[in-house]
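Survey of secondary and tertiary structure
Listed here are the chains, written in short residue letters.
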Amino acid sequence: MSNARLEYDGVAKTLHWIIAVLVTLLAALGGTMEDMPLAEKTETVMGHSGLGTIILVLMLVRLGWRMTHEPPPPVDMPGWQLKASTFVHWAFYGLVLLQPIFGIAQAAFIDYPVLAFGAIDYSALAADNESMARVFHIAHSITGKLILALIIVHAIAALVHHFYQKDMVLRRMLPFGRVPSEDS
């Protein structure tokens, strides 16, 4: 089997890393909004919702790419690791898709305008409803915490594979990582 076939393709790598950076940025930004004064929070929510919208679109593209392009075969590892890896990857897909949907739903019911990119008015999607806004706020918060937990597990697992097990798991997804040929 060729080295290229052992690595993720450029589209998968690019989508993975762009989404990873954006999710990390939004997690940091989202964690600071709770205690902001309303004027500052309103401005921050505009940027947050815009980036969340970008993540939603990128995740839909990524899911479409994943469904139409077979990933490389798994690295040889124990069955429990393969099952855990599969679970974490699909949990990421589900949670990172749900996160912006919960955010949009929260914005739809919130009592101030939420304009993603200063143009998409999510607050116009539904009438103000403090109870519904709170439900989606809690869902958005819980999903965010689950995503952060998965990021930590995912990063630790990648580092364990690279430094302890010394396999190709991490290098297959690094932007400039290359899986060495069997001859080298």
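Quick look at the structure, then.

Comments concerning the packing of helix H2 (residues 10-33) against helix H3 (residues 38-68)
Packed helix pairs are specified by the crossing angle of their axes together with the interaxial distance, meaning the distance between the axes. Packing of H2 against H3 leaves a shortest axis separation of 10 Å and a crossing angle of 155°. Relative to H3, the element H2 lies roughly antiparallel. Considering how the two elements wind past one another, H2 and H3 form a crossing that is left-handed. Looking at side-chain class alone, the contact of H2 with H3 contains 19 nonpolar, five polar and two charged residues.

Digging into the environment of Arg172
Along the polypeptide, Arg172 turns up in the segment after helix H5 (130-164). A relative accessible area of 6% places Arg172 in the buried class. Linking Arg172 and Val160, residues 12 residues apart in sequence, is a C-alpha distance of 14 Å. A polar side-chain atom of Arg172 sits 3.2 Å from the main-chain carbonyl oxygen of Leu6. Here Pro73 takes part through its backbone oxygen, which lies 2.7 Å from a polar atom of the side chain of Arg172.

Brief notes about the nonpolar core
Ranked by internal contacts, the top residues of the largest apolar core, which has 28 residues, are Ile55, Met59 and Val96. Of all the secondary structure elements, the ones that give two or more residues to this core are H2, H3, helix H4 (79-109) and H5. In terms of residue count, H4 provides more of this core than any other element does, nine residues in total. Phe102, Phe109, Phe136 and Ala139 belong to the second largest nonpolar core, which has seven residues in total.

A closer look at the packing of H3 against H4
Between H3 and H4, whose axes approach to 9 Å, the crossing angle comes to 145°. Handedness of the crossing formed by H3 with H4: left-handed. Facing Gly52, Ile55, Leu56, Met59, Leu60, Arg62, Leu63, Arg66 and Met67 of H3, the residues of H4 in contact are Trp90, Phe92, Tyr93, Val96, Leu97, Pro100, Ile101 and Ile104. Here the residues of the contact of H3 with H4 are counted per class, giving 14 nonpolar, one polar and two charged.

Section: the packing of aromatic side chains
Two numbers describe a pair of aromatic rings. These are the distance of the centres and the angle of the planes. Under the criterion given, the structure shown has three aromatic pairs. Ring geometry for Phe102 against Phe136: centres 6.3 Å apart, planes inclined by 40°, an arrangement best described as tilted. With Phe102 in helix H4 and Phe136 in helix H5, the pair connects residues that are 34 residues apart, well separated along the chain. Chaining the aromatic ring pairs together yields one cluster made of Phe102, Phe109 and Phe136.

Points about the environment of Ala126
Structurally, Ala126 is set in the loop between strand S2 (120-121) and H5. Considered as a pair, Ala126 and Ile110 are 16 residues apart in the sequence and their alpha carbons are 8.8 Å apart. Non-local contacts of Ala126, meaning those with residues more than four positions away in its chain, are made with Ala108 and Phe109.

Describing H5
A rise of 1.5 Å per residue sets the reference length of H5, with its 35 residues, at 51 Å; its end C-alpha atoms lie 50 Å apart and thus fit the reference within 8%. Taken together, the buried positions of H5 are Ala133, Phe136, His137, Ala139, His140, Thr143, Gly144, Ile147, Leu150, Ala158 and His161. For H5, the elements touching its buried residues are H2, H3 and H4. At the N-terminal end of H5, a side-chain oxygen is found 3.1 Å from the backbone nitrogen of Ser131, two or three residues along, and the residue is Asn129. Lys166 sits one or two residues past H5 and shows a positive phi near 55°.

Reading guide: rules and limits
- Residues numbered from 1 in each chain as written.
- Predicted model: local features only at pLDDT ≥ 70, side-chain atom pairs only at ≥ 80, totals over all residues.
- Heavy atoms only, no water.
- Axes fitted to C-alpha atoms, helices over the stretch in contact; angles between N-to-C directions.
- Helix = DSSP H or I, 4+ residues; strand = E, 2+ residues; numbered from the N terminus.
- Parallel < 35°, antiparallel > 145°, perpendicular 65-115°, else oblique.
- Left-handed = near helix turned anticlockwise from the far one by under 90°.
- Nonpolar A, V, L, I, M, F, W, Y, C, P; charged D, E, K, R; others polar.
- Buried < 20%, exposed > 50% of the residue type's maximum accessible area, 1.4 Å probe, protein only.
- Polar contact = N/O pair within 3.5 Å; in protein donor to acceptor, adjacent residues only side chain to side chain.
- Core = buried A, V, L, I, M, F, W, Y, C linked by side-chain atoms within 4.5 Å.
- Contact = heavy atoms within 4.5 Å.
- Phe/Tyr/Trp six-rings, centres within 6.5 Å; stacked < 30°, edge-to-face > 60°.
- Expected span 1.5 Å × (residues − 1).

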